[in-house]
There are 2 protein chains.
Amino acid sequence: MTYSDKQLQIITTAETLFSGKGYDGTSVRDIAEAAGVNIAMISYYFGSKEGLIQALFEERTRDVVLKVESLLKNDALSPIEKIEWLVDDYVQRIATKIQFHKIMVCEQMLQKNTVITTLLTELKKRNAEVVSKLIKDGQEKGAFRPDVDLVLLMNTLIGTVTQTFINTDYYRSYNHLESVDETTFQDDLKAGVSTHIKTLFKAILTYES
Amino acid sequence: MTYSDKQLQIITTAETLFSGKGYDGTSVRDIAEAAGVNIAMISYYFGSKEGLIQALFEERTRDVVLKVESLLKNDALSPIEKIEWLVDDYVQRIATKIQFHKIMVCEQMLQKNTVITTLLTELKKRNAEVVSKLIKDGQEKGAFRPDVDLVLLMNTLIGTVTQTFINTDYYRSYNHLESVDETTFQDDLKAGVSTHIKTLFKAILTYES
DNA sequence: CGCAAAATTAAACAAATGTTTGATTTAATT
DNA sequence: AATTAAATCAAACATTTGTTTAATTTTGCG
């Protein structure tokens, strides 16, 4: 599906409101008003409120798998370099799309919308397959250990990044970084969590530390 | 605050419904009907729907910090043994209180209720202080590395466990464990994620693997 | 221009929302 | 048994909810 500028504007507005007040906590009137369109336009364009959030998910998850796939096809990189690429890419993606990510986490908790749940499960499965190939490749080359629990590994990646970027304020105040400007803080945090996860991954995947 | 049996029954019913349909997706009529009480009883006992979810959080987070504190006071255990205790305890707690944990994650995403947000931040801070002492103790004894990012470490614990138990079905289907009975599967998964996280922690905290 | 399709609008719709009321029943205490 | 407080109830409350309608305006095209 491809959307017009006006449709994308409604989707983006809904994304902001959903991420701040939740799907059920946001009314179509809220969205229409914030987007500067008549309330009837939401049903007109997306059929319903449910149709709108589904459109949001389809729009934001488009190309996600494709990017990872092409990323890992690069033959010039070693398995461990590809893992590092993967971590950096994931951290970058979540950090820059934190609003949508919050909505996604809530949807994963409740699993009320079957269309979205199916979409996300499919996405997760396809991503896991790609990473699985990468790990098997590393194992065949003798770079990775033979006993790796892929799901737990991915859960550590997703979980650590989610926890970190869901409440960056906590990280800031705990480490007394209130005076650091936002951009610098964000960049440092991204670098820090990337390094952290890479260290974890190497401990799980490789033989030496 | 201490609650009567009937109040606790309403709280438990609300917990189940909130975890399945979300706070805003659950009406006070849903709760009253499922709990077998008149709808007016919710305002009567808790003041409002907001008061009810706040009561739920106060009730479920009671004693959480105390338990960790007393756990780590045990002088018979080494720092690394205490870390292992901590991981096992956290895994066990989330696994057995998955409904409340889902509600908590959603609340952390949206942060609409300031009372709950403050409660959770306070809880996190106090827990972090306890674990911080434990790590410093390990560092002084030469068992732990000097450069440990406590928040990232805790984020990995919380994040990995959350991701794992939020969608146990995914772990099951990916590893083709559909035929394993529920109890065995849950126990194996708890053991598996515990071992996984302990491995990660040792890689971060200690010198050798 | 003329016309048809698309876009936009204000208004209305029934249903659902959280909360309160005021009366009635139950329980506990004297 | 009498009295008082607590608990429970059906009903009503004013809003808000998502969606639809039917009329109007705008747009694109021959």
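Residues numbered from 1 in each chain as written. Chains lettered and ligands numbered in written order. Predicted model: local features only at pLDDT ≥ 70, side-chain atom pairs only at ≥ 80, totals over all residues. Heavy atoms only, no water.

1. Details of the protein's contact with DNA strand D
Using the following cut-off: Proximity criterion: a residue is near a molecule or strand once any of its heavy atoms comes within 4 Å of it. We call two N or O atoms a polar contact when they sit within 3.5 Å, provided that within protein one can donate a hydrogen and the other can accept it, with sequence-adjacent residues counted only if both atoms are side-chain atoms. Every helix listed is a DSSP run of H or I at least four residues long, and every strand listed is a run of E at least two residues long, numbered separately from the N terminus. Under the scheme applied, nonpolar residues are Ala, Val, Leu, Ile, Met, Phe, Trp, Tyr, Cys and Pro; charged residues are Asp, Glu, Lys and Arg; polar residues are all the others, including Gly.
As a matter of local geometry, DNA strand D sits amid 16 residues, with A:Val28, A:Arg29, A:Ser48, A:Lys49 and B:Met41 nearest to it. When atoms of DNA strand D within 4 Å of the protein are sorted by moiety, sugar and phosphate together comprise 47%. The side chain of B:Tyr44 places a nitrogen or oxygen atom 3.1 Å from a phosphate oxygen of DNA strand D. Those elements that provide at least two residues to the surface near DNA strand D are α2 (28–35) and α3 (40–46) of chain A together with α3 (40–46) of chain B. If you tally residues by element for the surface near DNA strand D, the top one is α3(B), at 4 residues. Tallied by class, the residues present in the surface near DNA strand D amount to 7 nonpolar, 5 polar and 4 charged.

2. Notes on the packing of helix α11 (residues 182–205) of chain A against helix α9 (residues 150–166) of chain B
Heads up, the rule is: Whenever a helix is involved, its axis is fitted only over the stretch in contact; in every case the axis is a line through C-alpha atoms, and angles between N-to-C directions fall within 0 to 180 degrees. Angular relationships are summarised with four words: roughly parallel below 35 degrees, roughly antiparallel beyond 145, roughly perpendicular across 65 to 115, and oblique for the angles in between. Should the near helix be turned counterclockwise from the far one by less than a right angle, the crossing is left-handed, whereas a clockwise turn marks it as right-handed. We call two residues in contact when some of their heavy atoms are within 4.5 Å.
Between α11(A) and α9(B), the least distance of the axes is 11 Å, while the angle of their chain directions is 60°. Classed by the angle they form, the pair α11(A) and α9(B) counts as oblique. Crossing hand, α11(A) versus α9(B): right-handed. Together, A:Gly192, A:Val193, A:His196 and A:Leu200 of α11(A) and B:Leu152, B:Leu153 and B:Thr156 of α9(B) make up the contact between the two elements. Residues that form the contact of α11(A) with α9(B) fall into these classes: 4 nonpolar, 3 polar and no charged.

3. A word on the interface of chain B and chain A
How large an interface is tends to be reported as the accessible area lost when its parts come together. Where we set the bar: Two parts placed together each lose some accessible area under a 1.4 Å probe, and the buried area is that loss summed for both.
Residue-level contacts link 46 residues of chain B with 46 residues of chain A. Roughly 4300 Å² is buried in total at the junction of chain B and chain A, and carbon and sulfur atoms are behind 64% of that figure. When the buried surface of chain B facing chain A is broken down by residue, B:Met109, B:Gln163 and B:Tyr170 rank first, second and third, together holding 18% of it. For the pair chain B and chain A, the number of links is 16 residue pairs in polar contact (both at pLDDT 80 or more). Looking at the side of chain B that touches chain A, the element that brings in the most residues is α9(B), giving 13 residues. Residue classes in the side of chain B that touches chain A are distributed as 19 nonpolar, 20 polar and 7 charged.

4. Things to note about the domain arrangement of chain A
All names here are of chain A. Going by this rule: Each domain's extent is set by a domain assignment, obtained either automatically or from a database. Any carboxyl oxygen of Asp or Glu that lies within 4 Å of a side-chain nitrogen of Lys or Arg is treated as forming a salt bridge with it.
Segmenting chain A into domains produces domain 1 (5–59) and domain 2 (63–205). Here the C-alpha centre of domain 2 lies 28 Å away from the C-alpha centre of domain 1. Each partner contributes residues to the interface: domain 1 has 11 residues there, and domain 2 has 12 residues. Together domain 1 and domain 2 conceal approximately 1100 Å² of surface at their shared face, both sides included; 67% is due to carbon and sulfur atoms. The largest per-residue losses of area from domain 1 upon contact with domain 2 belong to Ser19, Gln54 and Phe57, which jointly make up 52% of the total buried on that side. Counting across the domain 1 and domain 2 interface gives 1 salt bridge. The salt bridge partner of Asp24 is Lys112, with a shortest N-O separation of 2.6 Å. For the pair domain 1 and domain 2, the interface holds 3 residue pairs in polar contact (both at pLDDT 80 or more). Among the elements of the structure, α1 (5–21) and α4 (49–61) are those that each provide at least two residues to the side of domain 1 that touches domain 2. With 6 residues, α4 is the largest single contributor of residues to the side of domain 1 that touches domain 2. Along the lines of polarity and charge, the residues of the side of domain 1 that touches domain 2 split into 4 nonpolar, 3 polar and 4 charged.

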